[in-house]
Amino acid sequence: MTETPTSLKKQATLLAWANWRLTMPGAWHPLKLAGTQQKGQMIVGNHEGPLFIINWERPSTASYDGAKWIAGRFKKLGVRPADNPPAKAHFTECGWARDVQTREGSESTQWLGYSHPARLLIGFSVNGMIPEATRKQVVRHVLPTLTTSAREEETTWAMHNVSFSSPAGFELSQRKLFSGDIALEFSKGKHEELLLRQVYPAELALQRRHMEKWLECYPFKQHRRLRRATLKTDPWQCRQRPDLVGLQRSAWKRLPSPLGAWAPRQSLALAAHDRGLDRLLIVEHMAREAPDPATGAAAIDGMNRGDWADA
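All values reported here derive from a predicted model rather than from experimental measurement. (Residues numbered from 1 in each chain as written. Predicted model: local features only at pLDDT ≥ 70, side-chain atom pairs only at ≥ 80, totals over all residues. Heavy atoms only, no water.)

Q: Quick question: what am I supposed to make of the sheet that holds strand 6 (residues 93-101) here?
A: One key point about sheets: their strands pair by backbone hydrogen bonds, in either a parallel or an antiparallel sense. Read from one edge to the other, the open sheet built from six strands follows the order 3-4-5-8-7-6, with strand pairing classed as antiparallel. Looking at strand neighbours, the two that pair on one side only are strand 3 (29-35) and strand 6, the edges of this open sheet. Neighbour-to-neighbour, the strand axes of this sheet turn through a mean angle of 15°, independent of strand direction. Sheet topology note: the strand 4 (residues 39-46)/strand 5 (residues 49-57) ladder contains eight bridges and is antiparallel. (Pairing = 2+ DSSP bridges. Helix = DSSP H or I, 4+ residues; strand = E, 2+ residues; numbered from the N terminus. Axes fitted to C-alpha atoms, helices over the stretch in contact; angles between N-to-C directions.)

Q: Help me understand the environment of aspartate 181, please; the structure alone is not making it clear to me.
A: Tracing the sequence through the fold places aspartate 181 in strand 13 (residues 181-187). Here the alpha-carbon distance between aspartate 181 and arginine 197, two residues 16 residues apart in the chain, equals 7.3 Å. When residues no more than four places from it in sequence are discounted, the contact partners of aspartate 181 are Lys176, Arg197, Gln198, Val199 and Tyr200. Of note is the side chain of aspartate 181, whose polar atom sits 2.8 Å from the side chain of arginine 197. (Contact = heavy atoms within 4.5 Å. Polar contact = N/O pair within 3.5 Å; in protein donor to acceptor, adjacent residues only side chain to side chain.)

Q: Looking at this structure, how should I read the confidence of the model for the protein chain?
A: One rule of thumb: low pLDDT means the predicted coordinates there are not for detailed reading. Looking at the protein chain as a whole, the pLDDT averages 91, with 93% of positions reaching at least 70. Confidence drops under pLDDT 50 across residues 1-9; counting only partners more than four residues distant or on other chains, this segment forms 20 contacts. (pLDDT = per-residue confidence, 0-100.)

In structure tokens:
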């Protein structure tokens, strides 16, 4: 269990991506996001500018020597790691250096870690140009909350006080992160896709478009089209959260003629209105075989779960 300082819990938000997660002040947010679930970078900041950078990369082998990678990186930086690095209880190997000289003439804090269960290398760099009080807040209260999830477990994705949970085995393939409309698309192999989406405020969204139309409004380009002759829509209620009531739609999606019979997909889509948060929660699961209704229901239940303070 990550020990989140009480002062941070009162104002904290969850930031999670690509099998890593941390808690930070609610006024902080991602400024830039690049890369994939396998390798990428996120810059986090506030109204004054960048505060820290997280880089991640997944090694190609499970037997990767994380300690050797960390030692090599610090050697290139020309520094000797300090004792007692933050978050060391959550990583297989980690190290840090607090006074690394930057090109701008400031002193940056560099933290490196390897998690074998997550198969993930992480670099955490604190901007040396920020005020000393803010730098201490990052190092003392944010960095210690950094942890990872195992590759065999579900993955949490969270920013801007919006969170999702993707099942194990699904990899992020596309994303759209707009204010009021966040959508993530995942794939499992070549024949299975999972869409997770939240639109808010829901009351306004439902004035613009009925819930049935939101289910038809796929946020990413698709070659397959909904076959209306197979469409079936029914009322739906989440068993785990009875307050979430909406619709369930099942249908076939096929390529345009003359390829319609080639590689069709069965689609099971769910939409529910979370009235407490005023968000429209949408899931669509597509596969060659009939999608398991439990997958979509679990994805809805996993949205904005609110258990990050105890994670």
